[in-house]
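Structural description and commentary
Next come the chains, spelled out residue by residue.
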Amino acid sequence: MLVLPKGVRHIPGHLDRPEQQALVEDIRAVVREAPLYRPEMPRSGKPLSVRMTNCGDLGWVADKTGYRYQDRHPVTGSPWPSMPDRLINLWEELTGYTAPPQACLVNFYNTSARMGLHQDRDETDLAAPVLSVSLGDACLFRIGGTERGQPTRSFRLESGDIVILGGESRLAFHGVDRIYPTTSTLLKDGGRINLTLRRVTA
Ligand code: MD3
Ligand code: FE
């Protein structure tokens, strides 16, 4: 049995295959309008290995000047595509939160991409949960405490899994250590998509 940190809900296999395929089609439509781009680390300008885009009213972006939420795609300058109904419905069903999600960050990992341990603290509404959907190849996800250096636990996230982060886990350090290639047939060319739905402003 795996014991998760307080406030973390992992729902393995919540989405069946047809639901996963429908979400992938929704995300393909988002990416046609708002292409994936490679964010960069503030100051150094070093590119992240994960490619990103967003849908919803606000999107998370990273460039040499910092991390922030904004209402337009940093490359095209267009407003983000609207949030697909399927995602709004998942948020309502699983979080029960009174207000709808404002932002959906779309992360695309090829098989060599990873995400270092970090905290998500660019939102001013830290009372709202974060809902994450995994699609495609499995990954090794890691989550620790609210201070860097505290012990961490690792678990595998598979296509169709959902993780809801709330309460004490909302400011936990977390990251993606590796992608397991060829563990899913959902995406024709492999890789992993992660969707994170959030409230940004209180
Ligand atoms: C724990 N994404 O986009 S999702 C991110 O798989 C991010 O792409 C990872 O970390 C991914 O910021 C992890 C699960 C997740 C999302 C938000 C969290 C875990 C979290 C916020 C607080 C604590
Ligand atoms: Fe994060």
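Residues numbered from 1 in each chain as written. Chains lettered and ligands numbered in written order. Predicted model: local features only at pLDDT ≥ 70, side-chain atom pairs only at ≥ 80, totals over all residues. Heavy atoms only, no water.

It is worth spelling out helix H2 (residues 85–95) at this point. Within H2, burial applies to Leu87, Leu90, Trp91 and Leu94. Angularly, the buried residues of H2 cover 100° about the axis, an arc narrow enough to put them on a single face. More than 90 degrees from the buried face of H2, the exposed residues found are Asp85 and Glu93. Residues of H2 that are buried in the fold lie against strand S1 (8–11), helix H1 (17–33), strand S5 (103–109), strand S7 (130–136), strand S10 (162–165) and strand S12 (192–198). Note on H2: the residue one or two positions beyond its end, Gly96, has a positive phi of about 65°. (Buried < 20%, exposed > 50% of the residue type's maximum accessible area, 1.4 Å probe, protein only. Helix = DSSP H or I, 4+ residues; strand = E, 2+ residues; numbered from the N terminus. Arc of directions from axis to C-beta. Contact = heavy atoms within 4.5 Å.)

What follows covers the nonpolar core. Residues Met52, Tyr109, Phe141, Ile143 and Val176 are the most contacted members of the largest nonpolar core, which totals 28 residues. Elements with a minimum of two residues in this core: strand S3 (59–63), S5, strand S8 (138–143), strand S9 (153–157), S10 and strand S11 (174–180). Once you skip the residues sitting within four places of it in the chain, Val176 turns out to touch Tyr109, Arg114, Met115, Cys139, Leu140, Phe141 and Arg192. (Core = buried A, V, L, I, M, F, W, Y, C linked by side-chain atoms within 4.5 Å.)

Ordered by their spatial adjacency, 6 strands build an open sheet running S1-S10-S7-S12-S5-S2, and the pairing between neighbours is antiparallel. A strand with exactly one partner marks an edge of an open sheet, and here the two such strands are S1 and strand S2 (51–56). Going from strand to strand, the sheet's axes swing by 15° on average, the running direction of each strand aside. In this structure, S5 lies alongside S12, joined through 7 bridges in antiparallel fashion. Following the sheet pairing, Leu105 is matched in S12 by Thr196. Along the sheet, H2 contacts S1, S5, S7, S10 and S12; its crossing angle with S7, the most-contacted strand, is approximately 125°. (Pairing = 2+ DSSP bridges. Axes fitted to C-alpha atoms, helices over the stretch in contact; angles between N-to-C directions.)

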